[in-house]
Amino acid sequence: MKQFYKSKSLLKLSFLFAVLFSVISVLNSCNNDDDDEEFTDHIVQFEAKIITNGPTPAPTPPVTGNFKAVVTQIGTSPSTTFNPTGTTWSSGDQFVSSSQSQLNLAANAVLPYADSELIVNIYVDGELAKTEKVVGSGEKNASTYYSFLEL
């Protein structure tokens with residue numbers, strides 16, 4: 001009878017330890033969840049500019065390059081601006097969630113001289129994130145991209 005009582009107590013004690021171990025394991029695994037990986041908002045600005053350079057002294061009237069088109073894309077939403085005026089184009093500040101994953105910028109311009117430059121920049125949170133420069137005369141294209149995904 002004493003043997004039966006000991007085995008019954010041992011069974012209860014084993015069951016209690018198994019339940020206690022299970023509860024501790026579940027609580028510990030919940031503590032390790034990384035819910036901090038939520039998407040964050042960033043301030044993004046696109047910029048394209050033409051630097052004419054050219055002969056010294058400059059011709060009269062001055063010769064400048066001109067944009068034909070500037071294309072931006074945030075995630076899967078493209079936006080095209082045709083024939084923007086001036087030698088600098090800027091999108092202004094835009095709030096973009098990092099869930100959009102990728103930003104694209106492309107510009108097409110006609111440059112007047114062999115040492116003229118077409119530069120496209122992507123700024124993220126006020127810092128230059130990506131840039132691309134093309135030098136030459138005639139119709140030129142420059143494009144760059146930025147990804148929020150860490151590779």
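Look above for the structure.
Residues numbered from 1 in each chain as written. Predicted model: local features only at pLDDT ≥ 70, side-chain atom pairs only at ≥ 80, totals over all residues. Heavy atoms only, no water.

## Some thoughts on the overall build of the protein
If you tally the helices and strands in the protein, you get one helix and nine strands. In the protein, the order of α-helices and β-strands from amino to carboxyl end is α-β-β-β-β-β-β-β-β-β. The buried share of the protein, taken over its 151 residues, is 25%. In the protein, of all internal contacts separated by at least 6 residues, the share reaching a separation of at least 24 is 64%. Total accessible area on the protein stands at roughly 10,500 Å², and carbon and sulfur atoms take up 56% of it. (Helix = DSSP H or I, 4+ residues; strand = E, 2+ residues; numbered from the N terminus. Buried < 20%, exposed > 50% of the residue type's maximum accessible area, 1.4 Å probe, protein only. Contact = heavy atoms within 4.5 Å. Areas by Shrake-Rupley, 256 points an atom, 1.4 Å probe, with all protein chains shown as cover.)

## Quick notes on the side chain of N121
Relative to the elements of secondary structure, N121 occurs in strand β7 (residues 117–124). Using a relative accessible area of 4% as the deciding quantity, one classes N121 as buried. With near-sequence residues (within four places) excluded, N121 lies in contact with Q45, F46, E47, K49, L105, L128, K130 and T131.

## Quick look at the environment of F148
Summarising the element assignment, F148 is placed in the segment after β9 (138–147). Considered as a pair, F148 and F39 are 109 residues apart in the sequence and their alpha carbons are 9.9 Å apart. Beyond its immediate stretch of four places on either side in the chain, F148 contacts H42, V44, V96, S97, S98, S101, L103 and V124.

## Observations regarding the sheet that holds strand β2 (residues 66–74)
Across the sheet, which stays open at both edges, the four strands sit in the order β3-β2-β6-β9 with antiparallel pairing between neighbours. At either end of the open sheet lies a strand with only one pairing partner, and these are β3 (77–82) and β9. Averaged over all neighbouring strand pairs, the angle between strand axes comes to 10°, with direction disregarded. Across six bridges, the pairing between β2 and β3 is antiparallel. (Pairing = 2+ DSSP bridges. Axes fitted to C-alpha atoms, helices over the stretch in contact; angles between N-to-C directions.)

## Some remarks on unusual backbone geometry
Here T56 and P57 are connected by a cis peptide whose omega angle stands at -5°. Along the chain, P57 falls in the loop between β1 (41–51) and β2. In the segment running from T60 into P61, the intervening peptide bond is cis, with an omega of -5°. Along the chain, P61 turns up in the loop between β1 and β2. Within the chain, N53 stands out as a residue other than glycine whose phi angle is a positive 55°. Structurally, N53 is set in the loop between β1 and β2. Classification of N53 as partly exposed rests on a relative accessible area of 40%. For S101, which is not glycine, the phi torsion reads 65° and is therefore positive.

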